Amino acid sequence: MKILPDYEHMEYRDVYTCLLHRYRHILGLWQPDIGPYGGLLNVVVDGLFIIGWMYLPPHDPHVDDPMRFKPLFRIHLMERKSATVECMYGHKGPHNGHIQIVKKDEFSTKCNQTDHHRMSGGRQEEFRTWLREEWGRTLEDIFHEHMQELILMKFIYTSQYDNCLTYRRIYLPPSSPDDLIKPGLFKGTYGSHGLEIVMLSFHGKKAKGTKITGDPNIPAGQQTVEIDLAHPLQLPDIENLRDFSELSRLVLEVQEQVRREEQQQQQQEEEHCQPAAKPPGGEGAEGEETAAGAEGTTQDKAPASQPFVLPMGVISRNEDYPRTCRICFYGTGLIAGHGFTSPERTPGLFVLFDDDRFGFIWLELKSFSLYSRIKVSFQNAQAPSREAFDEMLKNIQSLAT
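Keep in mind that what you see is a predicted model, and the values were worked out from it rather than measured.

Visitor: Would you take a moment to explain the overall build of the chain for this structure?
Guide: Tallying secondary structure elements over the chain gives 7 helices and 19 strands in all. Relative to its full complement of 401 residues, the chain shows a buried share of 48%. When contacts within the chain are restricted to residue pairs at least 6 apart in sequence, long-range pairs at least 24 apart make up 58% of them. Within the structure as shown, the chain displays about 20,800 Å² of accessible surface, and the carbon and sulfur contribution to it stands at 50%.

Visitor: I tried to follow unusual backbone geometry on my own but got confused; where do I start?
Guide: For the bond running from D60 to P61, omega is 5°, close enough to zero to count as cis. In this structure, P61 sits in the loop between β3 (49-56) and β4 (68-76).

Visitor: Whenever I open this one, the layout of surface pockets confuses me. Can you help?
Guide: If you roll a probe as big as a water molecule over the atoms, it shows you where there is empty space left. Quantified by volume, the second largest pocket comes out at close to 530 Å³. In terms of lining, the second largest pocket is formed by 22 residues, of which the most central are Y190, G191, H193, L365 and S367. The set of elements that each furnish at least two residues to the lining of the second largest pocket consists of α3 (145-159), β14 (315-316), β16 (327-337) and β19 (367-373). Class assignment of the residues belonging to the lining of the second largest pocket gives a composition of 10 nonpolar, 9 polar and 3 charged.

Visitor: Would you take a moment to explain empty space enclosed by the protein for this structure?
Guide: Scanning all chains against the criterion turns up 6 cavities of 30 Å³ or more. Each pocket or cavity is described by its volume, and for the largest cavity that value is around 630 Å³. Lining the largest cavity are 38 residues, with L56, W130, E134, K154 and T158 sitting closest to its centre. Mapped by element, the contributors of at least two residues to the lining of the largest cavity are β3, β4, α2 (122-135), α3 and β10 (195-203). No other element matches α3, which puts 6 residues into the lining of the largest cavity. Looking at side-chain class alone, the lining of the largest cavity contains 19 nonpolar, 11 polar and 8 charged residues.

Visitor: Teacher, can you tell me more about α2 here?
Guide: A turn of α-helix holds 3.6 residues, and therefore any two residues three or four places apart point the same way. Between its first and last C-alpha atoms α2 spans 20 Å; for 14 residues at 1.5 Å apiece the expected length is 20 Å, and the two agree. Where α2 is concerned, the buried positions are E126, F127, T129, W130, L131, E134 and W135. Residue G136 follows α2 closely and has a positive phi angle near 70°.

Visitor: Please clarify how the confidence of the model for the chain should be interpreted in this entry.
Guide: Any segment with low pLDDT has predicted coordinates that should not be analysed in fine detail. Summarising the model, the chain shows a mean pLDDT of 87, and 86% of its residues fall at 70 or more. Taken together, the stretch residues 1-10 has pLDDT below 50 and engages in 7 contacts with residues farther than four places along the chain or on a different chain. Segment residues 277-302 is flagged for pLDDT under 50; beyond a separation of four residues in sequence, or across chains, it makes 14 contacts in the model.

Visitor: In this structure, what is going on with the environment of T332? I would like to understand it.
Guide: Mapped onto the elements, T332 comes out in strand β16. Between the C-alpha atoms of T332 and L363, which are 31 residues apart in sequence, the distance is 9.4 Å. Once you skip the residues sitting within four places of it in the chain, T332 turns out to touch T224, V225, E226, R345, T346, P347, G348 and F360. Only 3.1 Å separates the side chain of T332 from the side chain of R345, close enough to count as a polar contact.

Visitor: Would you mind showing me how to read the packing of α2 against α3 here?
Guide: Two measures define how a pair of helices packs: the angle their axes make with one another and the distance between the axes. Two elements in contact, α2 and α3, have axes whose closest approach is 11 Å; the angle formed by their N-to-C orientations is 110°. When the axis of α2 is compared with that of α3, the two are roughly perpendicular. Our pair here, α2 against α3, has a crossing hand that is right-handed. Every residue of α3 that contacts α2 at R123, E126, F127, W130, L131, E134 and W135 is listed here: M147, I151, L152, K154, F155, T158 and S159. For the contact of α2 with α3, the residue count by class is 8 nonpolar, 2 polar and 4 charged.

Visitor: Explanation requested: the pattern of salt bridges in the structure shown.
Guide: Should the charged atoms of two oppositely charged side chains come close, the side chains can pair. By the definition in use, this model includes 25 salt bridges. Between R168 and E106 there is a salt bridge, with its nearest N and O atoms 3.8 Å apart. With R168 in strand β8 (residues 165-170) and E106 in strand β7 (residues 106-111), this residue pair connects regions lying 62 residues apart in the sequence. The exposure class assigned to E106 is buried, which follows from its relative accessible area of 13%. Residues R259 and E256 are paired through a salt bridge, measuring 2.5 Å at the closest nitrogen-oxygen approach. With R259 and E256 both in helix α5 (residues 244-271) and 3 residues apart, this pair spans about one turn of that helix. The structure contains a network of salt bridges with shared partners spanning D33, K103, E106 and R168.

Visitor: What's the story with the nonpolar core in this structure? I'm lost.
Guide: Considering soluble globular proteins, one finds that nonpolar side chains tend to be buried as a cluster. Counting residues in each nonpolar core, the largest one holds 25 residues, and the members touching the most others are L235, F308, L349, I361 and F368. Looking at this core, the element that brings in the most residues is α5, giving 6 residues. Leave out the neighbours within four places in its chain, and F308 touches L235, I238, L241, Y321, P322, R323, T324, C325, V351, F353 and I361. Counting residues in each nonpolar core, the second largest holds 21 residues, with L29, Y55, I170 and A381 among its members.

Visitor: What am I meant to see in the environment of F350 here?
Guide: Relative to the assigned elements, F350 resides in strand β17 (residues 341-354). Along the sequence, F350 and C328 sit 22 residues apart, while their C-alpha atoms lie 5.5 Å from each other. In this view, F350 contacts L180, I227, I327, C328, F329, F358, G359 and F360; residues no more than four positions away in its chain are not counted.

Parameters and conventions
- Residues numbered from 1 in each chain as written.
- Predicted model: local features only at pLDDT ≥ 70, side-chain atom pairs only at ≥ 80, totals over all residues.
- Heavy atoms only, no water.
- Helix = DSSP H or I, 4+ residues; strand = E, 2+ residues; numbered from the N terminus.
- Buried < 20%, exposed > 50% of the residue type's maximum accessible area, 1.4 Å probe, protein only.
- Contact = heavy atoms within 4.5 Å.
- Areas by Shrake-Rupley, 256 points an atom, 1.4 Å probe, with all protein chains shown as cover.
- 1 Å grid on protein atoms, 1.4 Å probe; cavity = no way out; pocket = protein on both sides within 12 Å on 5 of 7 lines; lining within 4 Å.
- Points joined across faces, edges and corners; volume = space filled by probe spheres on them.
- Nonpolar A, V, L, I, M, F, W, Y, C, P; charged D, E, K, R; others polar.
- Expected span 1.5 Å × (residues − 1).
- pLDDT = per-residue confidence, 0-100.
- Polar contact = N/O pair within 3.5 Å; in protein donor to acceptor, adjacent residues only side chain to side chain.
- Axes fitted to C-alpha atoms, helices over the stretch in contact; angles between N-to-C directions.
- Parallel < 35°, antiparallel > 145°, perpendicular 65-115°, else oblique.
- Left-handed = near helix turned anticlockwise from the far one by under 90°.
- Salt bridge = Lys/Arg side-chain N within 4 Å of Asp/Glu carboxyl O.
- Core = buried A, V, L, I, M, F, W, Y, C linked by side-chain atoms within 4.5 Å.

Below you can see the structure in the form of structure tokens.
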């Protein structure tokens, strides 16, 4: 007779060492390879199972709503040597699946019974069900023709995988006491593409927003926004702020200043074969110290909060944005044609509202993206080192191209 462990009296530590040895490496956060769309998978221990939960943004444009999630697979922990793997995709309950650990930071899933994913009403019923789950509405509710095309394209592309996917590990960004706000994952509005997941991380005088989910224009893995923390921007009074041309003038002035500084730095590097001596007491060059000093001075002088309103003519999916902000910075946003053609970084304005919300005004597109923090405590998601996190960012960006 087979004697099973007494699970009710086992501590988590014991369950982990006894039962998870084969699959312990897949706990944590992962990004599925679904073309430009990406995704966010969280693999956790849940009772006597390891479950892979796909996290989905709330329905567009409700960026402050909590994340949605659905199970993609689960692994029974009763068997130590050959644990049962079940596919949870579809609406007919668990069925036979398979998991292969390709290498340390990569694994793949395969459904062995894809007929369980089919519906009696055929593809039309599957599409209607997917649309209700993904967008919370019917196609008739979406009047924008381009948006209808994008939605149909995503359904056709993503449904072909049938939960047979490859996943690559991602880490949460490391934090520092000097960071503007706590780094992490955010939900953001992206026009007709709906809500997407972006990872905000800090890198010295820069902050980067990397797409965890993406779209056919800017795919998952690409750096959607970059914020220049050395160049804060003081907003005009509320009446002048309503004038888009005034805001555009201010941002383009900073863009020109950044261009001149980069050109000057390049000339200095070309003129000196040997690196210039570092100023006493500092790691950075003189220009960097000046920029840092300017940043500190501007932040000291900036009020704790200031009125904010979007300029006339700027399109926003969500009109329920905060009407006060803490500070603004010059930044650039990545735009491209369909299929990530002709990508270019264009000027914009980063607006910090509070610890959990920020925005970005895309000057060239005359549009506004609002971002809200994902408030989920993900386990087993910390990078082993800063270098490991930076390497992960490079890897997912190279895969996106």
